[in-house]
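Chain and residue survey
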Amino acid sequence: MTGFPSNFEFEITALHGRARAGTFNTPHGKIFTPVFAPVGTQASVKAITPAQLHELGASLVLANTYHLYLRPGDELIAEMGGLHQFMNWPGPILTDSGGYQVFSLAATRKIDDDGVTFKSHIDGSLHRLTPEKSISIQENLGADIIMAFDDCPPPGDREYNLRALRRTHSWAERCLKAKTHPDQALFGIIQGGVFSDLRCRSVEYLAHLGFPGFAIGGLSVGETKDQMHAVLEAIDPLLPEDRPRYLMGVGTPRDFVNGVMRGVDIFDCVLPTRLARHNAVLTLTGRLNLVNATFSRDPSPIDEHCTCYTCRSFSRAYLRHLIVSKEMLAATLLSIHNLHTLLQLAREIRQSILDSRFDDFATRFFESEKFQNL
Ligand SMILES: [Zn+2]
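Now for a look at the structure at hand.

Rules behind the numbers
Residues numbered from 1 in each chain as written. Predicted model: local features only at pLDDT ≥ 70, side-chain atom pairs only at ≥ 80, totals over all residues. Heavy atoms only, no water. Pairing = 2+ DSSP bridges. Helix = DSSP H or I, 4+ residues; strand = E, 2+ residues; numbered from the N terminus. Axes fitted to C-alpha atoms, helices over the stretch in contact; angles between N-to-C directions. Patch = residues over 30% accessible without salt bridge, like charges linked within 9 Å, V, L, I, M, F, W, Y side chains within 5 Å. Areas by Shrake-Rupley, 256 points an atom, 1.4 Å probe, with all protein chains shown as cover. Salt bridge = Lys/Arg side-chain N within 4 Å of Asp/Glu carboxyl O. Donors = N, O, S within 2.8 Å, 3.2 Å for Na, K, Ca; no water. Tetrahedral: all angles 85-135°; square planar, octahedral: opposite > 155°, others 65-115°. Buried < 20%, exposed > 50% of the residue type's maximum accessible area, 1.4 Å probe, protein only. Contact = heavy atoms within 4.5 Å. Parallel < 35°, antiparallel > 145°, perpendicular 65-115°, else oblique. Left-handed = near helix turned anticlockwise from the far one by under 90°. Core = buried A, V, L, I, M, F, W, Y, C linked by side-chain atoms within 4.5 Å. Phe/Tyr/Trp six-rings, centres within 6.5 Å; stacked < 30°, edge-to-face > 60°. Lys NZ or Arg CZ within 6 Å of the ring centre and 35° of its normal.

Here we look at the sheet that holds strand S8 (residues 116-119)
Pairing is antiparallel across the open sheet formed by 3 strands, whose spatial order is S7-S8-S9. One side of each edge strand has no neighbouring strand; the edge strands of this open sheet are strand S7 (109-111) and strand S9 (126-129). Within the sheet, the average angular offset between the axes of one strand and its neighbour, ignoring direction, is 15 degrees. Pairing analysis gives 3 bridges linking S7 to S8, with the strands arranged antiparallel. Counted as the bridge partner of Arg 109 is Phe 118 from S8.

Okay, here's the thing in structure tokens:
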């Protein structure tokens, strides 16, 4: 049984119900969990500088292996000193394995037991990813936390999920064998669609292999919220207590609280920056689209209780003006507010676990109007 690479350590500092507050030490700093990780798909959190991310209190940033492999290329990034130096983010970074993007973005793909051959969505060029290749790319990128290469089936097809699970498990073993860098923690990815028995089988198999952390893949891809919660509840008692758990691509405010309630530590989601690019902001009462003419003379901030730079400094009228004039600053200011909202929620969740009042926090959160349409 392998465990944590020498310069990683995960410690649970407080438990309340199934909610966990922990500290995850990585070679590039501490991650206090539960944590929300902003997504920097192309080694850039869209419209936000690393200095702004730091000011927002972000600790962990996610980058996408598929995108960086295709452009500018993992070897180029290694030549430039690795991802931390290339994007000038000194804190912890997590990369995915490329699996999910190959299945969701590539122009065409052909999967076999050895790997996946696909055409780039950028220029149609032909590429092949295998577990060994995914690890080699992620070693070139140099993130602190890296992911095993997995098969990502549609969540409701049991036959497909059975086949994909066998493949995901055999690929997980190959990833462990291929990994050579001691300063990276490789997480196994739990698959099995909406089928709790397959999910449990996946946890048991991967836990036996001794991964230092576990990612839960294939959720928030079309299944219902109840199905997602049932999967999380089924696997929670089987997951090793002393290893971090990462729910991939799931991070709306309500999903975040629901995931923490079911024992998850790490979340990422493109929602804050994607909404910002569509002129939308997260507020206590849900999504607000600032392009709406009703805001043209509105002197109030996006949210008068929010302490972010945007809300401390600018009116809805000014932000609407930037959007209508197609000023680039709009994307930055809206992203700052949306990222702050998720990062602040993470801090409040963590504090409530440390104070043994997470149950109350969650009850009040779900009873209130907060983020009802998200
Ligand atoms: Zn704000």
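So much for the structure itself; the text now carries on.
Examining a nonpolar patch on the surface
Together, Leu 76, Met 80 and Phe 86 give the surface a local cluster of nonpolar side chains, amounting to about 260 Å² of exposed area. Secondary-structure assignment places Met 80 in the loop between helix H3 (74-79) and helix H4 (83-87).

What about the coordination of the zinc ion?
Around the zinc ion, the protein contributes the donor atoms Cys 306 (SG), Cys 308 (SG), Cys 311 (SG) and His 337 (ND1), which lie 2.1 to 2.3 Å from the metal centre. In this structure, the zinc ion is surrounded by 4 donor atoms whose angles at the metal cover 98 to 119 degrees, and the resulting shape is tetrahedral. The sequence pattern describing where the donors of the zinc ion fall on their chain is C-x1-C-x2-C-x25-H. Comparing Cys 308 with Cys 311 shows no difference in burial state: the two are buried.

Considerations on the sheet that holds strand S1 (residues 9-16)
The sheet built from 3 strands is open, its strands ordered S1-S2-S3 with antiparallel pairing. The strands lining the two open edges of the sheet, one partner per strand, are S1 and strand S3 (29-33). Going across the sheet, the axis of each strand differs from the next one's by a mean of 10 degrees, ignoring polarity. For S1 and strand S2 (residues 19-26), the ladder comprises 7 bridges, and the chain directions are antiparallel. Looking at the pairing, Ala 14 lines up with Ala 21 of S2. Against the sheet, helix H14 (residues 329-354) makes contact with S1, S2 and S3, and its axis sits at roughly 110 degrees relative to S2, the strand it touches most.

Description of the packing of helix H10 (residues 253-261) against H14
At their nearest, the axes of H10 and H14 sit 11 Å apart, and the two run at 25 degrees to each other. The orientation of H10 relative to H14 falls into the category roughly parallel. At the point where H10 passes H14, the crossing takes the right-handed sense. On the side of H10, the interface is formed by Pro 253, Phe 256, Val 257 and Val 260, while H14 contributes Leu 342, Leu 345, Ala 346, Ile 349 and Ile 353.

A closer look at the nonpolar core
Core analysis: the largest hydrophobic core is formed by 93 residues, its most contacted members being Phe 36, Leu 83, Phe 256, Leu 290, Ile 349 and Phe 358. Here this core takes 11 residues from H14, the largest share from any one element. Of all hydrophobic cores here, the second largest spans 19 residues; its members include Ile 145, Ala 215, Tyr 246 and Ile 266.

Some points on the pairing of strand S15 (residues 280-283)
Of the two faces of S15, the one holding Ala 280 and Leu 282 and the one holding Val 281 and Thr 283 are both buried throughout. Of the strand pairs in this sheet, S15 and strand S16 (residues 286-289) are connected by 4 bridges, and their pairing is antiparallel. The partner of Thr 283 across the bridge, within S16, is Gly 286. Connecting the antiparallel pair S15 and S16 is a turn made up of 2 residues.

Considerations on the packing of aromatic side chains
Taken as a whole, this structure holds 13 aromatic pairs when the rule is applied. Seen in terms of ring centroids, Phe 36 and Phe 256 are 6.3 Å apart; in terms of plane orientation they differ by 40 degrees. Their pairing is tilted. Of this pair, Phe 36 sits in strand S4 (residues 35-37) while Phe 256 sits in helix H10, placing them 220 residues apart in sequence. Ring plane angle 75 degrees and centroid distance 6.5 Å describe the contact between Phe 211 and Phe 214, whose orientation is recorded as edge-to-face. A relative accessible area of 0% places Phe 211 in the buried class. Its relative accessible area of 1% is what places Phe 214 among the buried residues. Between the NZ or CZ atom of Arg 158 and the centre of the ring of Phe 195, over which it lies, the distance is 5.3 Å.

Observations regarding the pattern of salt bridges
Scanning the entire structure with this criterion turns up 17 salt bridges. Salt-bridge contacts for Arg 18 lead to Asp 236; the nearest nitrogen and oxygen are separated by 2.6 Å. Of this pair, Arg 18 sits in the loop between S1 and S2 while Asp 236 sits in the loop between helix H9 (225-235) and strand S13 (245-247); the two residues are 218 residues apart in sequence, bridging distant segments of the chain. Classification of Arg 18 by relative accessible area gives partly exposed; the value is 28%. Each of the salt bridges in this network shares a partner with another, and the network as a whole consists of Arg 18, Arg 20, Asp 236, Glu 241, Arg 245 and Asp 265.

Structural notes on the pairing of S2
Side chains on a regular strand alternate between the two faces of the sheet. Across the 8 residues that make up S2, a large majority, 8, are buried. The turn linking S1 back onto S2 is made up of 2 residues, and Gly 17 within it adopts a positive phi angle of 65 degrees. Both S2 and S3 contribute to a ladder of 5 bridges, which runs antiparallel. By the bridge assignment, Asn 25 is partnered in S3 with Lys 30. Counted along the chain from S2 to the antiparallel partner S3, the turn is 2 residues long.

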